[in-house]
Amino acid sequence: MNAMLAITFLFAFGLAIGSFLNVVIFRYTPEKRLLDKKALGGRSRCPYCGHVLGVGELVPIVSFLIQKGRCRICGHRLSLQYPLVELAGAAIFAFLPLFLNSAYGMSNAVFFTASAPLWYYGLVAAWVLAFLAWVTVIAIDLRHYVIPNELNAFLLFLGTVITALLAIHVQSIFPFRTSFIRNYVLLFSFSNGVLLNHILGMLFGGVFFALLVALSRGRGMGVGDVKLMLASGLILGWPDIALSTAISFVLGGLFGGLLILIKQKTMKDMIPFAPFLVLGFFLTVFFGFAIVKGYFGLFGL
Ligand SMILES: [Zn+2]
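Residues numbered from 1 in each chain as written. Predicted model: local features only at pLDDT ≥ 70, side-chain atom pairs only at ≥ 80, totals over all residues. Heavy atoms only, no water.

A few words now on the side chain of Ser 248. Along the chain, the position of Ser 248 falls in helix H11 (residues 240–261). Beyond its immediate stretch of four places on either side in the chain, Ser 248 contacts Phe 273, Phe 276 and Leu 277. (Helix = DSSP H or I, 4+ residues; strand = E, 2+ residues; numbered from the N terminus. Contact = heavy atoms within 4.5 Å.)

Here it is as structure tokens:
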């Protein structure tokens, strides 16, 4: 398939998936399972007036823009989560494969003509699903201050798939670097083994955050964050998970400090931390190399 056509198709498909994620996120409550059949069934309604949405009100992005972000019947302002998650889904489907192709040294032409090896499509699919799960984690943690166990279990499963595929096939794409900080990995890695690095990433994420939760006695971070870091550590591997942790602490610290400064929150208030952890994952994947390079550049290295 023509690459432009394929990307357009992926973008549209991603919008639809984002729209589905919105349904999952809005109908989730901590007492229910994430994909509760009863909760997910039935027509979508305006959360404020209960008006059943028609076909014209269900088109991703377009409906939101036409209705200027308000319910057509009661005029209540609708959550920005609708367009944001839809756009995130579209961006993940359309652009993550392109980015991964470049990171793993796979040509876009080979990828979009369906002539890449089958396992490689599996690898890209697992990454796409991980990004979708991470977006869902952000939205649910912001609303409910919890991370559903189902999402963490799913991420752990994806981590197993990604680690296995990289460990088995990585020799055929590039020699030993599966890290998004590229050659800087040599400074931080204990081994060139993909399997070992990803298991180490999982241990770092799990143990480091378990210690944090134990030391802070559960204020600030919870067991859900520990599980998220354990699963995501397996996905990202060492040392990427350490970089993402550092980024999330800087972002979380800045944001928390800002909120206290403008007196929106006090030190005792709870700020959901998973959004910062996930931002750390995203920034590490897309900009890990640039960030580490810039950091060393500060010292003229
Ligand atoms: Zn309404």
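Still more ground to cover, so stick around.
Contact geometry of helix H6 (residues 118–144) with helix H12 (residues 274–298) gives a least axis separation of 8 Å together with a crossing angle of 150°. Judged by the inter-axis angle, H6 sits roughly antiparallel to H12. By crossing handedness, the relation of H6 to H12 is classed as left-handed. From H6, Trp 127, Phe 131, Trp 134, Val 135, Val 137, Ile 138, Asp 141 and Leu 142 reach across to H12, where they touch Ala 274, Pro 275, Val 278, Phe 281, Phe 282, Val 285 and Phe 286. (Axes fitted to C-alpha atoms, helices over the stretch in contact; angles between N-to-C directions. Parallel < 35°, antiparallel > 145°, perpendicular 65-115°, else oblique. Left-handed = near helix turned anticlockwise from the far one by under 90°.)

The subject of this paragraph is the domain arrangement of the protein chain. Under the domain assignment, the protein chain is made up of domain 1 (1–116) and domain 2 (118–301). Domain 1 and domain 2 are separated by 23 Å when their C-alpha centres are compared. Listed by partner, the interface residues are 29 residues for domain 1 and 25 residues for domain 2. In total, domain 1 and domain 2 occlude about 2,500 Å² of area from one another, counting both sides; carbon and sulfur atoms represent 78% of this. Scanning the region where domain 1 abuts domain 2 turns up zero salt bridges. Put simply, domain 1 and domain 2 have 10 residue pairs in polar contact (both at pLDDT 80 or more) between them. For the side of domain 1 that touches domain 2, the elements supplying multiple residues, two or more each, are helix H1 (3–27), helix H4 (81–104) and helix H5 (108–112). Here the element with the most residues in the side of domain 1 that touches domain 2 is H4; it accounts for 13 residues. A breakdown of the residues in the side of domain 1 that touches domain 2 according to their chemical character gives 22 nonpolar, six polar and one charged. (Domains from an automatic or database assignment. Buried area = accessible area lost by both parts, 1.4 Å probe. Salt bridge = Lys/Arg side-chain N within 4 Å of Asp/Glu carboxyl O. Polar contact = N/O pair within 3.5 Å; in protein donor to acceptor, adjacent residues only side chain to side chain. Nonpolar A, V, L, I, M, F, W, Y, C, P; charged D, E, K, R; others polar.)

We now examine the packing of aromatic side chains. Enumeration over the complete set of coordinates arrives at 33 aromatic pairs. Ring centres 5.8 Å apart and planes at 90° place the aromatic pair Trp 119 and Tyr 120 in the edge-to-face group. The same class applies to Trp 119 as to Tyr 120, namely buried. Each ring, one from Phe 209 and one from Phe 249, has its centre 6.0 Å from the other, and the planes form 10°; the classification is stacked. Of the two residues, Phe 209 sits in helix H9 (residues 194–215) while Phe 249 sits in helix H11, which places them 40 residues apart along the sequence. For Phe 249, a relative accessible area of 32% corresponds to the partly exposed category. Between Arg 182 and the ring centre of Phe 289, over which it is positioned, the NZ or CZ distance is 4.0 Å. (Phe/Tyr/Trp six-rings, centres within 6.5 Å; stacked < 30°, edge-to-face > 60°. Buried < 20%, exposed > 50% of the residue type's maximum accessible area, 1.4 Å probe, protein only. Lys NZ or Arg CZ within 6 Å of the ring centre and 35° of its normal.)

So, about the coordination of the zinc ion. In this structure, Cys 46 (SG), Cys 49 (SG), Cys 71 (SG) and Cys 74 (SG) serve as the protein donors to the zinc ion, at separations of 2.3 Å. In this structure, the zinc ion is coordinated by four donor atoms arranged in tetrahedral fashion, with angles at the metal of 106 to 115°. Written as a sequence motif, the donor arrangement for the zinc ion is C-x2-C-x21-C-x2-C. (Donors = N, O, S within 2.8 Å, 3.2 Å for Na, K, Ca; no water. Tetrahedral: all angles 85-135°; square planar, octahedral: opposite > 155°, others 65-115°.)

Here we take up a nonpolar patch on the surface. Side chains of Leu 195, Ile 199, Leu 203, Val 207, Leu 211 and Leu 215 sit close together on the surface and give an oily, nonpolar patch of about 590 Å² of accessible area. With respect to the secondary-structure elements, Leu 203 resides in helix H9. (Patch = residues over 30% accessible without salt bridge, like charges linked within 9 Å, V, L, I, M, F, W, Y side chains within 5 Å. Areas by Shrake-Rupley, 256 points an atom, 1.4 Å probe, with all protein chains shown as cover.)

Our focus in this paragraph is the pattern of salt bridges. Following the criterion strictly, the structure yields one salt bridge and no others. For Glu 57, the salt bridge is made with Arg 72, and the minimal N-O distance between the two is 3.4 Å. Taken together, the residues Glu 57 in the loop between helix H2 (37–40) and helix H3 (62–66) and Arg 72 in the loop between H3 and H4 connect sequence positions 15 residues apart. Under the relative-accessibility criterion, Arg 72 is labelled exposed at 54%.

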